[in-house]
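Structure at a glance
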Amino acid sequence: MTSRLDDDHMWGETTATEILLTTAAPRIRYRQFGAAHEREHGADWLWCWVDRDGTTFCFLVQAKILKSRGKRWSVDFTYRTAGDERTQISKLLTASDRFDAAAGYVLYCGDAQYRATLECDLPHQDVLCRDRDRAGVSAVSALVADNAVIFQGKGAGVAAFHAAVPVEDITGPDATDPPIVGLSRGLPEDLAHFFQQPQRGARRVAKEIVRPVHWIRVRQFSPATLERSALNTGALFPELPADQGHFPVPYLQHVLRGLRTEIPDYVRDVLDGRTPPAWVTHHLAGIVVITDADAAPGHEVAS
Ligand SMILES: [Zn+2]
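The text that follows walks through the structure, step by step, so that each part is easy to find. Everything numeric in this text was worked out from a predicted model, so none of it was measured. (Residues numbered from 1 in each chain as written. Predicted model: local features only at pLDDT ≥ 70, side-chain atom pairs only at ≥ 80, totals over all residues. Heavy atoms only, no water.)

**Comments concerning the pattern of salt bridges**
What the rule picks out here adds up to 13 salt bridges. Where D272 meets R274, a salt bridge forms, and the shortest distance between an N and an O atom there is 3.5 Å. For D272, a relative accessible area of 43% gives the class partly exposed. For R274, a relative accessible area of 40% puts it in the partly exposed group. Connected through shared salt-bridge partners, D177, R204, K207, E208 and R211 make up one network. (Salt bridge = Lys/Arg side-chain N within 4 Å of Asp/Glu carboxyl O. Buried < 20%, exposed > 50% of the residue type's maximum accessible area, 1.4 Å probe, protein only.)

**Remarks on the packing of helix α5 (residues 142-152) against helix α6 (residues 156-163)**
For the pair α5 and α6, interaxial distance at closest approach is 8 Å and the crossing angle is 145°. In terms of crossing hand, the pair formed by α5 and α6 is right-handed. Counting all contacts with α5, which are made through V144, A148, V149 and Q152, the residues of α6 involved are A156, A159, A160 and A163. (Axes fitted to C-alpha atoms, helices over the stretch in contact; angles between N-to-C directions. Helix = DSSP H or I, 4+ residues; strand = E, 2+ residues; numbered from the N terminus. Left-handed = near helix turned anticlockwise from the far one by under 90°. Contact = heavy atoms within 4.5 Å.)

**Side note on α6**
In terms of burial, α6 is a largely internal element, 8 of the 8 residues being buried. Residues of α6 that are buried: A156, G157, V158, A159, A160, F161, H162 and A163. As for α6, its buried residues are in contact with β5 (72-74), β6 (102-108), β7 (137-141), α5, β8 (165-166) and α8 (201-218).

**Points about the side chain of D269**
Residue position: D269 is located in helix α10 (residues 265-271). Classification of D269 by relative accessible area gives buried; the value is 11%.

**Focus on unusual backbone geometry**
Residue P26 is reached from A25 by a cis peptide bond, and omega for that bond is 5°. Structurally, P26 can be placed in the loop between α2 (13-24) and β1 (29-32). In this structure, D100 takes a positive phi of about 50° despite not being glycine. Along the chain, D100 turns up in the loop between α4 (88-98) and β6. Assessed through its relative accessible area of 26%, D100 is described here as partly exposed. The phi dihedral of D292 is positive, around 50°, even though this residue is not glycine. Looking at the element boundaries, D292 is found in the segment after β12 (286-290).

Structure, rendered in structure tokens:
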């Protein structure tokens, strides 16, 4: 991204994704599908983090650019296709149901110099949003984006960037993993443990995606529903609270359904060099697989 910016070129979502994937391979595996999706604004990619024991987190994403016009920073979350009433966020949420995945965005945010005029007045630990290391490619839940569009309006892009986690850090061996607190009374024991204890690999990705969603929920002054319901078969957490807050869907269920005990068949297909079935390839631009997601840095297992 830096070299493109040095050449004064603004990059596009498709180009950024292609450069990212070709550069990150073979550390990551990916398979690209139909050309029709290529032309579509914000095509869906399924990103899957796979641990050595098969635990997998599936995240259906669209790529978005953090854009600047002078001092105004934005992400085009509310893009609509001509003749279609639904927002792209609601379509992405619906599409994620097909794969029992969490829905979200991969944000391409350039380098610190590109972000020099970005100002974020939300509280941080000790570093400005724009100066965060490795934030050039960051991931955020669609529920955060939806909330930002509704409550932050023109500030939605900066709010989402603030909540987004650098993809390089998302499995977390180097970063701290503080407990997720609040609304924790009555949580199932396995979920309470997941929130309290440090996590690695696919579990950690799920935790980092749910963390800012939960943070938003804690600040909504509506009482939490402790009612639970069962998730898809194969979900790591078989039963989760149906609490929804002001989100369009029950937020814990939405994010954590993406976390499952075994590798889905279509992800296995990509790892084994096979083309997944048509119901998968017709609805995705491609699949990205990060294997050995729980491996310690520098100790990657050859695959
Ligand atoms: Zn910030």
